[in-house]
Amino acid sequence: MNIDHTRLALNDLAEAGLGNEAPAEAYVIGWQAGWDKALAYAIRIETELNQKDLTEGAADDPAE
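Here's a quick rundown of the structure. As the structure is a prediction and not an experimental result, all values here were calculated from the model. (Residues numbered from 1 in each chain as written. Predicted model: local features only at pLDDT ≥ 70, side-chain atom pairs only at ≥ 80, totals over all residues. Heavy atoms only, no water.)

**Focus on the layout of surface pockets**
In this model, the largest pocket occupies a volume close to 460 Å³. Put simply, the parts of the chain that give the lining of the largest pocket at least two residues each are α1 (5–16) and α2 (23–56). Here the residues of the lining of the largest pocket are counted per class, giving ten nonpolar, three polar and three charged. (1 Å grid on protein atoms, 1.4 Å probe; cavity = no way out; pocket = protein on both sides within 12 Å on 5 of 7 lines; lining within 4 Å. Points joined across faces, edges and corners; volume = space filled by probe spheres on them. Helix = DSSP H or I, 4+ residues; strand = E, 2+ residues; numbered from the N terminus. Nonpolar A, V, L, I, M, F, W, Y, C, P; charged D, E, K, R; others polar.)

Pasting the structure below:
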């Protein structure tokens, strides 16, 4: 899977609607938005893995 990080960053900047913020303020806003998205993604992956473990009976069969 090839992820276009530049395109994702530019899309996020456009969505942020930064106006007259100082560069440092814009950096912090962007960093926080990226952190929030990364955390939400990690939580989503963990949730999906936990659900997969429950539905596949991974606790019952340690060989898999």
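**Quick notes on the pattern of salt bridges**
Counted according to the given criterion, the structure contains one salt bridge. Ionic pairing is found between R44 and E48, a salt bridge with its closest N-O pair at 3.6 Å. Taken together, the residues R44 and E48, both in helix α2 and four residues apart, mark about one turn of the helix. (Salt bridge = Lys/Arg side-chain N within 4 Å of Asp/Glu carboxyl O.)

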